[in-house]
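A look at the structure
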Amino acid sequence: MSNRRCTILVCQGTGCISGGAEQIFSSLEEEMARLNLEESVQIKRTGCHGFCQRGPLVIIEPESIFYSKVKLDDVPDIAQSFLPGGKPLEHLFYHDPVTGEPIPHYGDIPFYNKQERIVLRNCGHIDPEDIGDFLALGGYEALRKALFDKTPEQVIEEVKRSGLRGLGGAGFPTGRKWEACRMAPGEEKYVICNGDEGDPGAFQDRSTMEGDPHSVLEGMIIAGYAIGAKKGFIYVRAEYPLAVKRLKIAIAQAREEGFLGKDILGSGFDFDIEIFQGAGAFVCGESTALVLSIQGKRGMPKPLPRPRTAEMGLWDKPTLLNNVKTFANIPLIINRGWEWFASRGTEKSKGTAIFSLTGKVANCGLIEVPMGVTLREIIYDIGGGIPGEKAFKAVQTGGPSGGCLPASFLDMPVDFDSLVTAGSMMGSGGMVVMDEDTCMVDVARYFLDFTRRESCGQCIPCRLGTEQMFEVLDDITKGRGRPEDIDLLLELSDAIAHGSLCALGKTAPNPVLTTIRYFRDEYEAHIDEKRCPAGVCRELTKEKS
Amino acid sequence: MKEELLRRILSSYKGRKRDLIPILQAVQANFGRLPEEAMLRIARFIGIPESEVYSVASFYTQFRLTPLGRKHVTACRGTACHIRGAPHILREIEKAIGIKEGEVTSDLEYSLETVACIGCCALAPCIRLNRDVYGEMTPEKVKELFPASDEGEQDVQ
Ligand SMILES: Cc1cc2nc3c(=O)[nH]c(=O)nc-3n(C[C@H](O)[C@H](O)[C@H](O)COP(=O)(O)O)c2cc1C
Ligand code: FES
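Remember, predicted model here, so these are calculated numbers, not experimental data. One numbering rule holds for all chains: residues counted from 1, following each sequence as written. Lettering of chains starts at A and numbering of ligands starts at 1, both following the order in which they are written. Whole-chain, interface and lining totals are the exception, using all residues; otherwise, since this is a predicted model, local features are given only for residues with pLDDT of at least 70 and side-chain atom pairs are given and counted only at 80 or more. Processing note: side-chain calculations cover all non-hydrogen atoms of the structure and skip hydrogens and water entirely.

**Concerning the overall build of chain A**
This is how the line gets drawn: Secondary structure elements follow DSSP: runs of H or I of four or more residues count as helices, runs of E of two or more count as strands, with numbering from the N terminus. Within these notes, the globule rule equals 2.2 Å times the number of residues to the 0.38 power, and the radius of gyration is based on C-alpha atoms. A 1.4 Å probe rolled over the protein chains alone gives each residue an accessible area, and that area as a share of the maximum for its type sets the label: buried under 20%, exposed over 50%, partly exposed in between. Note on areas: Shrake-Rupley, 1.4 Å probe, and residue coverage restricted to the protein chains presented here. Counted as positive: Lys and Arg. Counted as negative: Asp and Glu, with His and the chain ends omitted from the count. Each charge is placed at NZ for Lys, CZ for Arg, CG for Asp and CD for Glu.
The helix and strand inventory of chain A stands at 22 helices and 15 strands. The C-alpha atoms of chain A give 24 Å as radius of gyration, which agrees with the globular expectation for 545 residues (24 Å, within 12%). Each principal axis of the C-alpha atoms in chain A carries an extent, and together these give about 80 × 60 × 40 Å. When the 545 residues of chain A are sorted by exposure, 62% land in the buried category. Summed over all atoms, the accessible surface of chain A reaches about 20000 Å², with 49% contributed by carbon and sulfur. Across chain A, 61 positive and 76 negative side-chain charges occur, with their mean positions spaced 4 Å apart.

The structure is reproduced here in structure tokens:
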């Protein structure tokens, strides 16, 4: 047993760490050393493997054995199982919640086998702090290919043809943005990766940066080459210290290996990346606000009409701003070709979508699915349905800019345009499932509380309008609703959507509009009968019990 | 002492306009808050009016003028946490440590704030105690983490 037989992957995503994964890792190392198994078994830290709810996760390759909810006490047994004659530990397997059957391999678990993990392929499989792991899986090959086999125009053409649309929310065609930025006059240009991830209830950008930072860097460097920039920034919010740490390590390693810095791989192309830590303001995810914030100012969106960031961004220079996942898709497109990418997904939404599936759903975690799968497939097949035999009520996508969709949309394909038609949006990928115990008026109130706190205060419709909407909703949940309130909310929504200066205000009414559209009866119960059907609003449920 | 620390922090920056937010972050990381004298010094260092330093510091939620408690509690009020009972957890914490969101105990033992999302949504509801994240919080877990003081619980409801 001189050569290595297996690898133990210990997830070190933020979720698993909160369950003690760091201690599990170090104790496993000690235990393996004690049993003299270091020679035959390799232990590795990885980024998020996605199934956060079952964490801490330990995976054994090449057999693909999946242990979940691992405890420190399990470590000696895990180590022993690698001794001659040892067997995998059945009590750590995932057990089918319906049949109770143990499922040893992660590929057989419904949470994983209905997914298509393409962008997330490395997350949970490589050590994000070791560039060697990334290189072993073909990392930075796409950069080499772009630099030596393609002109910048050809790279842009490839991205355009792939049909990739930005994954930061609005779904703007990425290739067109790159082209606009390349064409914009000016010697100095910038690339910015938007890792602000302001949407509450979303962690897919965090997991990508933590689990596979080099894919993001590689996408950014290729973008820099394509548009003619020498400098890039990653804007990460301060609440993500682990992402910052891993990105810093990745940048240092990439520099050392010649993928960043002067004369990259001897191609003559210079490009470097700096991390900027956002200081906590949701509105800083908006392009013009984000740029001001890097410049050391208050992050307040610029009023319309204004030049596009692609033409006049950071320090008034042409600036390419894309989301973390958008960049992470780029190496794949360059490596496998636009035809491969364009063959996946739907007519107008290509590729895959990554969601943070959370809320009242059995399997919470990070998932990647082809565009066009239905909400039902996501919530029931991958998510395992609603726990506790409760009824499904709604699914919220798009965060504070999105909306809540009722059961009648469960068979709707998930893509950029269908979601917008239904009154919601893709957003940056939060998907929060709600069951019969969720009060939709309370949810609307919750989102307006968020937007009124986060409004930058520059324009009156957003600053005062969201405040007033919040107060009306607050009154309704406290039993002080008046019959005319629903119309008042609709009127305010209209005024805010039309009058606000930036998309924060323009989309702020969406959660209210969709809940009124699909759950009007709940509003009416609160207003007319002073009753909260879900039993959430405290003032309306006290006398009932 | 503090003077020296501040000088050291400032000396690692060039004093460009764009250094403002990183400097504020570094000062806060070292002093636990943004002391008034420090903001004055930063303004001079960069060569901008003091009001501009205040204006930026007050815009971003990360920055604070008052010190934190030794045990700083951050409760998530993100969507996933909200749906799974975050308001209830927050009330429990307020009860256990006797202060409300945004406050610090007089002995500086605890401070409590809420944030938009901790980013561990799959384990909702979540809280953070200093750097550690605790997921799937329940009222019982709150009691374990914050044993009520001998003086008895203070009800802030
Ligand atoms: C209020 C507001 C917040 C936003 N927050 C984010 C964010 O956190 N992350 C993100 O990638 N895009 C966010 N966006 C969208 C960005 O402005 C921008 O469209 C996006 O980063 C472009 O990347 P993409 O082309 O890859 O989608 C936000 C927009 C608005 C109006
Ligand atoms: S919603 Fe609480 S951690 Fe994201």
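**Notes on the sheet that holds strand β10 (residues 319-323) of chain A**
Residues and elements named next belong to chain A. Where we set the bar: Strand pairing requires that DSSP identify at least two bridges connecting the strands. Fitted lines through C-alpha atoms give the axes, limited to the stretch in contact for helices. The angle between two N-to-C directions lies from 0 to 180 degrees. Contact between two residues is taken to exist if any of their heavy atoms lie within 4.5 Å; hydrogens are not considered.
Here we have 4 strands laid out as an open sheet, ordered β9-β8-β7-β10, and parallel in their pairing. Since the sheet does not close on itself, it has two edges, and those belong to β9 (272-278) and β10, each with one partner. Averaged over all pairs of adjacent strands, the angle between strand axes in this sheet comes to 20 degrees, irrespective of strand direction. As judged from the 5 bridges shared by strand β7 (residues 190-195) and β10, these two strands associate in the parallel manner. Across the sheet, the residue bridging to Cys193 is Asn322, located in β10. Of the strands in this sheet, β7 and β10 are in contact with helix α13 (residues 324-336), which crosses β10 at around 95 degrees.

**A closer look at the state of the cysteines**
Two cysteines joined by a covalent bond between their sulfur atoms form a disulfide. Residues and elements named next belong to chain A. This is how it is decided: The disulfide criterion used throughout: a pair of cysteine sulfur atoms within 2.5 Å.
One pass over the full model with this rule turns up 0 disulfides over all chains. Cys502 takes part in no disulfide bond, and the closest cysteine sulfur to it belongs to Cys456, at a distance of 6.2 Å. Residue classification places Cys502 among the buried positions, given a relative accessible area of 10%.

**A look at the sheet that holds strand β1 (residues 6-11) of chain A**
Residue and element names in this part refer to chain A. The 4 strands are arranged β2-β1-β3-β4 in an open sheet whose pairing can be described as mixed. Bordering the open sheet on either side are β2 (41-46) and β4 (65-67), each of which pairs with just one other strand. On average, adjacent strands in this sheet sit at an angle of 20 degrees to one another, irrespective of strand direction.

**Observations concerning the site of ligand 1**
Residues and elements named next belong to chain A. In plain terms, the rule: If a single non-hydrogen atom of a residue is within 4 Å of a molecule or strand, that residue counts as near it. Polar contacts here mean pairs of N or O atoms no more than 3.5 Å apart (in protein, one a potential hydrogen donor and the other a potential acceptor; neighbouring residues in sequence count only if both atoms are side-chain atoms). The residue classification treats Ala, Val, Leu, Ile, Met, Phe, Trp, Tyr, Cys and Pro as nonpolar and Asp, Glu, Lys and Arg as charged. All others, Gly included, are polar.
The immediate surroundings of ligand 1 are formed by 18 residues, with Gly168, Lys177, Gly198, Asn323 and Thr326 found nearest. Between ligand 1 and the protein, one listed contact pairs an oxygen atom with a side-chain N or O atom of Lys177 at 2.8 Å. Interatomic distance of 2.9 Å between a backbone N/O atom of Gly198 and an oxygen atom of ligand 1. Surface burial for ligand 1 is 88%, taken as the share of its 620 Å² of free accessible area covered by protein chains. Contributions of two or more residues to the shell around ligand 1 are made by β10 and α20 (503-507). It is β10 that provides the largest number of residues to the shell around ligand 1, a total of 3 residues. For the shell around ligand 1, the class distribution of residues is 5 nonpolar, 9 polar and 4 charged.

**Here we look at the confidence of the model for chain B**
For clarity, the cut-off: Each residue gets a pLDDT score, which is the predictor's confidence in that residue and runs from 0 to 100.
Mean pLDDT for chain B: 91, with 93% of residues reaching 70 or above. For this predicted complex, the interface confidence comes out at an ipTM of 0.91, alongside a pTM of 0.94.

**Regarding the side chain of Gln28 of chain B**
All names here are of chain B. Relative to the helices and strands, Gln28 resides in helix α2 (residues 20-31). One polar contact links the side chain of Gln28 to the main-chain carbonyl oxygen of Gln62, over a distance of 2.7 Å. A polar atom in the side chain of Gln28 sits 3.0 Å from the backbone nitrogen of Arg64. Setting aside chain neighbours within four positions, we find Gln28 in contact with Arg33, Leu34, Gln62, Phe63 and Arg64.

**Topic: the interface of chain A and chain B**
As a reminder, the rule being used: When two components associate, each loses some accessible surface as probed by a 1.4 Å sphere; the sum of these losses over both components is called the buried area. By convention in these notes, a salt bridge is any Lys or Arg side-chain nitrogen within 4 Å of a carboxyl oxygen on Asp or Glu.
Tallying the contact residues gives 53 residues for chain A and 38 residues for chain B. Both faces combined, the contact of chain A with chain B buries some 3600 Å², and carbon together with sulfur accounts for 56% of it. It is Ala279, Arg298 and Tyr446 of chain A that lose the most area in chain A upon contact with chain B, and together they represent 17% of the buried surface on that side. Put simply, chain A and chain B have 3 salt bridges between them.

**Quick word on the pattern of salt bridges**
Residue and element names in this part refer to chain A. Going through the model one piece at a time under the given rule, you end up with 41 salt bridges over all chains. Here Lys325 makes a salt bridge to Asp205, at a shortest N to O gap of 3.4 Å. One end of the pair, Lys325, is in helix α13; the other, Asp205, is in helix α9 (residues 204-211), and 120 residues separate them in sequence. Taken individually, Lys325 and Asp205 each receive the classification buried, so the pair is uniform in this respect.

**Overview of the environment of Ile9 of chain B**
Residue and element names in this part refer to chain B. In this structure, Ile9 sits in helix α1 (residues 2-11). Exposure remark for Ile9: the relative accessible area of 8% places this residue in the buried category. For the pair Ile9 and Arg131, spaced 122 residues apart in sequence, the C-alpha to C-alpha distance is 23 Å.

**Description of the packing of helix α10 (residues 213-227) of chain A against α13 of chain A**
All names here are of chain A. To keep it simple, the criterion reads: To sort the angles, those under 35 degrees are grouped as roughly parallel, those over 145 as roughly antiparallel, those from 65 to 115 as roughly perpendicular, and the leftovers as oblique.
Contact geometry for α10 and α13: axes closest at 7 Å, N-to-C directions at 75 degrees. In terms of axis orientation, α10 runs roughly perpendicular to α13. Where α10 abuts α13, its residues Ser215, Val216, Glu218, Gly219, Met220, Ile222 and Ala223 lie against Val324, Phe327, Ala328, Ile330, Pro331 and Ile334. In the contact of α10 with α13, the residues fall into 10 nonpolar, 2 polar and 1 charged.

**Overview of the nonpolar core**
Going by this rule: Only buried Ala, Val, Leu, Ile, Met, Phe, Trp, Tyr and Cys residues count toward a nonpolar core, and they belong to the same one when joined by side-chain atoms within 4.5 Å.
Counting 120 residues, the largest nonpolar core has Trp178 and Leu375 of chain A as the members making the most contacts within it. When residues of this core are assigned to their parent elements, the largest contribution, 9 residues, is made by α10 of chain A. Apart from the residues lying within four places of it in its own chain, the contact partners of Trp178 of chain A are Val155, Ile156, Val159, Gly219, Ile222, Ala223, Ala226, Ile227, Leu320, Asn322, Phe327 and Ile330 of chain A. Grouped together as the second largest cluster of nonpolar side chains are 45 residues, Leu290 and Phe450 of chain A together with Ile42 and Ile48 of chain B included.

**Quick look at unusual backbone geometry**
Residue and element names in this part refer to chain A. The step from Gly55 to Pro56 runs through a cis peptide bond, and the omega angle for that step is -10 degrees. Summarising the element assignment, Pro56 is placed in the loop between β2 and β3 (58-61). Backbone geometry at Glu197 places phi at a positive 40 degrees, although glycine is not the residue there. By secondary structure assignment, the location of Glu197 is in the loop between β7 and α9.

**Some details on the packing of aromatic side chains**
For any two aromatic rings, the description comes down to two numbers: the centre-to-centre distance and the angle of the planes. Residues and elements named next belong to chain A. As a reminder of what qualifies: Stacked, tilted and edge-to-face are the three classes assigned to paired rings of Phe, Tyr and Trp, where Trp is represented by its six-membered ring and a pair needs centres within 6.5 Å; plane angles under 30 degrees give stacked, over 60 edge-to-face, the rest tilted. By the criterion adopted, a ring carries a charge over it if an Arg CZ or a Lys NZ lies within 6 Å of its centre and within 35 degrees of its normal.
Across all of its chains, the model carries 23 aromatic pairs over all chains by this definition. On the numbers, 5.0 Å between centres and 75 degrees between planes, the contact of Tyr446 with Phe447 is edge-to-face. Of the two residues, Tyr446 and Phe447, neither departs from the other in class, the shared state being buried. Put simply, the rings of Phe51, Phe66, Tyr94, Tyr106, Phe111 and Tyr112 pair up and form one aromatic cluster. In this structure, Arg336 packs its charged tip against the face of Trp340, placed 4.6 Å from the ring centre. Lying over the aromatic face of Phe470, Arg452 brings its terminal NZ or CZ to 3.8 Å of the ring centre.

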